[in-house]
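Below, each chain spelled out in residue letters.
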Amino acid sequence: MKPQQFEDKMRSGEVFHGLRVPDGKWTVIRVDGRGFSRFTQLHFSKPFDPRFHDLMLVTAQALLEEWEGLYCYVESDEISILLPRAWAHFDRSVEKLVSLTAATASVTFSSAGGERAYFDSRIWCCQNDEDVFDYFRWRQSDATRCALNGWCYWTLRQQGLSARQATASLDRQTIAQKYALLQERGIDFDALPSWQRRGVGLYWENYEKLGFNPRTNANTVASRRRVCINRELPNSDDYVCFLSELLR
């Protein structure tokens, strides 16, 4: 077999090597903590640990900067990064995108937190702006659902119930019943920090930086950009308006 034939034969076994994200589509990368249910129980308090949350924001900012994203949304142990339509990293290779975003998240979180942690990645694509809005509304809805369930579960656990008993107590409970469960124990779910119930958004903002030009002996104003961390995201229609401004 000739060297090129051998090369082609071996390359054919790289199943996803030629897979590309289609041009012109909105692309969201969702990065999730691997095995974080057990990991967070070992190293962090429940249901929400501010230190864990801060580590997730550090990780999200690294992803936003590294991949030049438009928007990052953080809830619990997952991060969604919206890329510009015209992104062209690694020729839009799916293989590179999922492996390198997971690697970036894993290294950043582990280095910042001092504990080894792993993330995996998946890709979500769409054509229309409205689909982007729906995606982030979907993830925000998931954040609210998980926050309510988490507060109920860990409140029962802290009162002495076992994992099995707490899970059984919440089985088939409606949202209203879960609200009531917390209210009876002095917890107003709607008064909890917004970042727990609605997640956090990271995006770029422009600002003016004052400087001095020694050549002209005059003050100067330069336009710069920085990452903004929004812990008070709106919901429902207001969230769609907020996202539409970012896409523009």
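Predicted model only: the values in this text are computed from it and were never measured. (Residues numbered from 1 in each chain as written. Predicted model: local features only at pLDDT ≥ 70, side-chain atom pairs only at ≥ 80, totals over all residues. Heavy atoms only, no water.)

A closer look at a nonpolar patch on the surface
A cluster of nonpolar side chains, Met1, Phe6 and Met10, forms an exposed patch at the surface whose accessible area comes to about 370 Å². With respect to the helices and strands, the residue Phe6 is situated in helix 1 (residues 3–11). (Patch = residues over 30% accessible without salt bridge, like charges linked within 9 Å, V, L, I, M, F, W, Y side chains within 5 Å. Areas by Shrake-Rupley, 256 points an atom, 1.4 Å probe, with all protein chains shown as cover. Salt bridge = Lys/Arg side-chain N within 4 Å of Asp/Glu carboxyl O. Helix = DSSP H or I, 4+ residues; strand = E, 2+ residues; numbered from the N terminus.)

Quick notes on the layout of surface pockets
Of the voids in this model, the largest pocket is the one considered here, and its volume is about 730 Å³. Lys46, Pro47, Ser76, Cys146 and Gly150 are the residues nearest the centre of the largest pocket, which is lined by 35 residues in total. Of all the elements in the fold, those that place two or more residues in the lining of the largest pocket are helix 2 (36–43), helix 3 (50–66), strand 2 (71–75), helix 5 (129–158), helix 6 (163–170) and helix 8 (194–198). Residue contributions to the lining of the largest pocket peak at eight residues, all from helix 5. When grouped by side-chain class, the residues that make up the lining of the largest pocket number 16 nonpolar, twelve polar and seven charged. (1 Å grid on protein atoms, 1.4 Å probe; cavity = no way out; pocket = protein on both sides within 12 Å on 5 of 7 lines; lining within 4 Å. Points joined across faces, edges and corners; volume = space filled by probe spheres on them. Nonpolar A, V, L, I, M, F, W, Y, C, P; charged D, E, K, R; others polar.)

Focus on the packing of helix 3 against helix 4 (residues 94–113)
Angle between the axes and distance between the axes are the two parameters that describe a pair of packed helices. Where helix 3 contacts helix 4, the two axes come as close as 9 Å, and the packing angle between them is 140°. Here helix 4 runs oblique to helix 3, going by the angle between their axes. The crossing of helix 3 and helix 4 is right-handed. Side by side, helix 3 and helix 4 meet where Arg51, Phe52, Leu55, Met56, Val58, Thr59, Ala62, Leu63 and Glu66 of the first sit next to Thr101, Thr104, Ala105, Thr108, Phe109, Ala112 and Gly113 of the second. By residue class, the composition of the contact of helix 3 with helix 4 is nine nonpolar, five polar and two charged. (Axes fitted to C-alpha atoms, helices over the stretch in contact; angles between N-to-C directions. Parallel < 35°, antiparallel > 145°, perpendicular 65-115°, else oblique. Left-handed = near helix turned anticlockwise from the far one by under 90°. Contact = heavy atoms within 4.5 Å.)

Concerning the state of the cysteines
On inspection of all chains with the given rule, the structure shows zero disulfides. Cysteine Cys125 is unpaired, with the sulfur of Cys126 as its nearest cysteine sulfur at 7.7 Å. (Disulfide = S-S within 2.5 Å.)

Some details on the packing of aromatic side chains
As enumerated under the stated definition, the model contains 22 aromatic pairs in all. When the centroid spacing of 6.4 Å and the interplanar angle of 35° are considered together, the rings of Tyr71 and Tyr203 count as tilted. In this pair, Tyr71 sits in strand 2 while Tyr203 sits in strand 5 (residues 200–213), placing the two residues 132 residues apart along the sequence. Residue Tyr71 is classed as buried on the basis of its relative accessible area of 1%. (Phe/Tyr/Trp six-rings, centres within 6.5 Å; stacked < 30°, edge-to-face > 60°. Buried < 20%, exposed > 50% of the residue type's maximum accessible area, 1.4 Å probe, protein only.)

On their own, these measurements won't tell you what the molecule is for.
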